Amino acid sequence: MVTKTSVRTDAAYGAARWALAAVPQLLGRGESVGSNSWVVAGSHTTTGRPILANDPHLATSLPGIWYQVGLHCTTVTTSCPFDVAGFSFSGMPGVVIGHNDRVAWALTNMRTDVTDFYLEKVRGDTSLKDGSWVPMQVRREVVKVAGQADRPIVVRATRHGPVLSDANARVRGIGTTAPVGGDDDTGSFAVSLAWTGLEPSTTADAIFGLNTAHDFSSFRAAAASFAVPAQNLLYADVDGHIGYQAPGLVPKRVSALANSAPGYWPAPGWSTSYDWKGWVPFEKLPYALDPAEGFLVAANQAVTQSSTPFLTTEWDMGYRSQRIRQLLTATAKVSPQDVATMQLDTKDLFAPTLVKALLSVRIDDPFAAEGQQLLRSWDATMPSGRSASGAAAAYYNAVWANLLKLTFDDEMGGLTAGGDSRWMRAMALLLDKPKSAWWDNKQTPTIVEGRDEILRQAMVQARLDLTERIGKDPRSWQWGELHTVTLRGPLASALPGPLAWLFTEGPGQVGGGTSLVNAMTWDSATGYQVVRGPSMRMVVDMANLDASRWVNQSGQSGHPTSPHVNDQFEAWLAGETYAWPFTRSAVEKASVETLTLTPSAG
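Residues numbered from 1 in each chain as written. Predicted model: local features only at pLDDT ≥ 70, side-chain atom pairs only at ≥ 80, totals over all residues. Heavy atoms only, no water.

Q: Just checking my understanding: could you explain the state of the cysteines for this structure?
A: Here a disulfide denotes one covalent bond, and it connects the sulfur atoms of two cysteines. Per the counting criterion, the structure on display carries one disulfide. The disulfide partner of Cys73 is Cys80, and the S-S distance across this bridge is 1.9 Å. What sets the handedness of the Cys73 and Cys80 disulfide is the S-S torsion sign, and at about -90° it is left-handed. A residue is classified by how much of its surface remains accessible, and Cys73, at 10% relative accessible area, is buried. The exposure class of Cys80 is partly exposed, given its relative accessible area of 29%. (Disulfide = S-S within 2.5 Å. Buried < 20%, exposed > 50% of the residue type's maximum accessible area, 1.4 Å probe, protein only.)

Put into structure tokens, the structure is as follows:
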């Protein structure tokens, strides 16, 4: 039954998704934003010491987001305590992910919900607070535009945060459609954003604390200062300990609507009863030290079974984390090379569920059925290069893209199904409900489709798509030909073709895919091209730090004519890594070029 409330709710949800898409990715929001990290205790490694791995999954770019760096004091003292190497951001005075001479750490996004929309009743430059009209913060700025007149803007903020509806039409839509609990359920409201990233914080201090940590206690002390964005922190040290800590500012709040998760719906900003009530104490956030299992995995899945403290409703569904667990438990002891190989794993744990349903559907047309036959002996891996698995993977992903469109897009009001782990979980549930209304294509009002008909249509269309794209013979189809990655700089789309190539690298064929350990993510709504992937890969060997390995996505330089702007791209594509010398003697031995900057006497 469709009601006025349900229509308003659907409209509000759609507007909220569009609005959040405009918020910077530092929030860690959006489909498939995530990473892999895991750490293995020495009792489960061939070296007898811990091994730690990390590969953050971020949007592909040229230059890449990371800068490989070592920060070493000539003599380590209390006034100059740094002896650390790893990955940082250009201009960041510290190492974000890496290791020092005693401990190593990795980061993955925890997907903690740290943003809330508030509906605001406004009158001029005042907003309602518990029955009283209070002044908003108002700031006037001038934006200078090259070749055009200056553009004055007014930035307003309530006690919750900036009024985004002043600047974004999609956010304004939330103010007219969001459901409001209680008697006051109609009206048009301004919309403000509360975000922990707008709070003064000590995250930079946390980075320096991690750089100089020497044991789990000092590691946790550093993590306590890590505010935004909330992360999973994995830990290893040379004494054999492994650990985990969830840091970050996590607001304490109540639900805006009954029976909904805190922060899930925009809250009435005129009542302080919905305001954030401070922060979850650091001591209440999840942590672990030396678990009996002998390893820890943080791949954006739920980190605790408890609902308190409330962290988020948008965990990754765990296909990657479960596959990593399978790989770690498949052998008694893993080597650093084993761990590096695991980062390239392309096994799809959801695929067997869908393939079973696809193979149960009869396709009478022999031509269309040729694609289906590829799935009968498929091992559910998605490699690049020419192989039977690559041909089956190409067909499977073409089916998946068509299946998402046929099943969901007709009912989502202009939104599209991207295909990440949450869509996989939704599809797994629907496959057990062959007569669900979701299977019916609303664009064919005289026909009511069921599960098997939609599965058949998806397979038939995939056969036609790949025939047109690659060729008639299914054995010639290869996942790598469809699934490519191109690195582009911010100027690539603004410059004419002859110059754009300076800021472009690729395309290169890759295996992997969405919600796989080798997370070369693509969006079914836009095509098979990689939109997010491992921004770097590292494997730290706590038995011999000089034996650790790393690779960047593109290269060290951001200058388009430098030979180092993209000189790691081919290795990254192939899943290769480079030696990571750490000690002074190892660095000097490996050095090819040296640049020395000497301060002037003055």
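Back to the text.
Q: What should I look at first to understand the packing of aromatic side chains in this one?
A: Aromatic rings in a pair are described by how distant their centres are and how their planes are angled relative to each other. All told, the structure shown has 22 aromatic pairs when counted by the stated rule. Among the aromatic residues, those joined into a cluster by ring pairs are Trp66, Phe87, Phe89, Trp550 and Trp580. Lying over the aromatic face of Trp270, Lys121 brings its terminal NZ or CZ to 4.5 Å of the ring centre. The ring of Tyr287 carries Arg220 above its face, with NZ or CZ at 3.8 Å from the centroid. (Phe/Tyr/Trp six-rings, centres within 6.5 Å; stacked < 30°, edge-to-face > 60°. Lys NZ or Arg CZ within 6 Å of the ring centre and 35° of its normal.)

Q: I would appreciate a short explanation of the sheet that holds strand E15 (residues 242-245) in the present structure.
A: Hydrogen bonds between backbone atoms are what pair the strands of a sheet, whose relative direction is either parallel or antiparallel. Strand order in the open sheet made by the seven strands is E3-E4-E5-E6-E14-E15-E17, with antiparallel pairing throughout. Looking at the sheet topology across the chains shown, the edges are occupied by strand E3 (67-72) and strand E17 (287-289). With direction set aside, neighbouring strand axes in the sheet form an average angle of 15°. In the sheet, strand E6 (residues 103-109) pairs with strand E14 (residues 231-237) via seven bridges, with the strands oriented antiparallel. The partner of Trp105 across the bridge, within E14, is Tyr235. Contacting strand E4 (83-88), strand E5 (97-100), E6 and E14, helix H3 (residues 203-211) crosses the sheet at an angle of about 145° to E6. (Pairing = 2+ DSSP bridges. Helix = DSSP H or I, 4+ residues; strand = E, 2+ residues; numbered from the N terminus. Axes fitted to C-alpha atoms, helices over the stretch in contact; angles between N-to-C directions. Contact = heavy atoms within 4.5 Å.)

Q: Could you clarify how one ought to interpret helix H8 (residues 366-373) in this entry?
A: For an α-helix the count is 3.6 residues per turn, leaving residues at separations of three or four pointing the same way. The set of residues buried in H8 consists of Ala368, Ala369, Gly371 and Gln372. For H8, the buried positions fall inside an angular range of 145° around the axis, keeping them on one side. The secondary structure elements touched by the buried residues of H8 are helix H7 (351-359), helix H9 (388-408) and helix H11 (451-469). (Arc of directions from axis to C-beta.)

Q: For this particular structure, what's the right way to read the side chain of Glu449?
A: With respect to the helices and strands, the residue Glu449 is situated in the loop between helix H10 (421-431) and H11. Although buried, Glu449 forms no salt bridge, and the nearest oppositely charged side chain, Lys442, lies 7.7 Å from it. In terms of polar contacts, Glu449 uses its side chain to reach the backbone amide nitrogen of Asn441, at 3.0 Å. For Glu449, the residues in contact, after removing those within four places along its chain, are Trp439, Asp440, Asn441, Thr444, Ile454 and Gln457. (Lys, Arg positive; Asp, Glu negative; His and termini not counted. Salt bridge = Lys/Arg side-chain N within 4 Å of Asp/Glu carboxyl O. Polar contact = N/O pair within 3.5 Å; in protein donor to acceptor, adjacent residues only side chain to side chain.)

Q: Looking at this structure, I do not really get the packing of H7 against H9. What am I missing?
A: Angle between the axes and distance between the axes are the two parameters that describe a pair of packed helices. It is at 12 Å that the axes of H7 and H9 come closest, and there the two elements cross at 80°. Relative to H9, H7 is oriented roughly perpendicular. Residues Ala351, Leu354, Val355 and Leu358 of H7 lie in contact with H9, whose contacting residues are Tyr396, Val399, Trp400 and Leu403. For the contact of H7 with H9, the per-class residue count stands at eight nonpolar, no polar and no charged. (Parallel < 35°, antiparallel > 145°, perpendicular 65-115°, else oblique. Nonpolar A, V, L, I, M, F, W, Y, C, P; charged D, E, K, R; others polar.)

Q: For this particular structure, what's the right way to read the sheet that holds strand E8 (residues 122-123)?
A: With antiparallel pairing, the three strands of this open sheet are ordered in space as E8-E9-E10. A strand with exactly one partner marks an edge of an open sheet, and here the two such strands are E8 and strand E10 (132-135). The sheet contact formed by E8 and strand E9 (residues 126-129) spans two bridges and is antiparallel. From the neighbouring strand, Val122 faces E9, where its bridge partner is Ser127.

Q: Sorry if this is basic, but what is going on with unusual backbone geometry here?
A: Of note, the amide linkage connecting Val228 to Pro229 takes the cis form, showing an omega dihedral of -10°. By secondary structure assignment, the location of Pro229 is in the loop between helix H4 (216-223) and E14. A cis geometry characterises the amide bond from Thr308 onward to Pro309, with omega recorded as -5°. Inspection of the secondary structure puts Pro309 in the loop between strand E18 (295-297) and helix H5 (319-329). Despite not being glycine, Asp290 shows a phi value in the positive range, around 50°. Among the structural elements, Asp290 can be located in the loop between E17 and E18. On the basis of relative accessible area, Asp290 is assigned to the partly exposed category, the value being 34%. Positive phi is not limited to glycine here, since Asn300 has a value of about 75°. Tracing the sequence through the fold places Asn300 in the loop between E18 and H5. Under the relative-accessibility criterion, Asn300 is labelled buried at 1%.

Q: Is there a simple way to think about the packing of H8 against H11 in this case?
A: It is at 9 Å that the axes of H8 and H11 come closest, and there the two elements cross at 90°. On the basis of their axis angle, the class for H8 and H11 is roughly perpendicular. Here Phe367, Ala368, Glu370 and Gln372 of H8 come into contact with H11, specifically with Met459, Val460, Arg463, Leu464 and Thr467. For the contact of H8 with H11, the residue count by class is five nonpolar, two polar and two charged.

Q: Is there a simple way to think about H3 in this case?
A: Taken together, the buried positions of H3 are occupied by Thr203, Ala206, Ile207, Gly209, Leu210 and Asn211. Considering only its buried residues, H3 is in contact with E4, E5, E6, H4 and E14.

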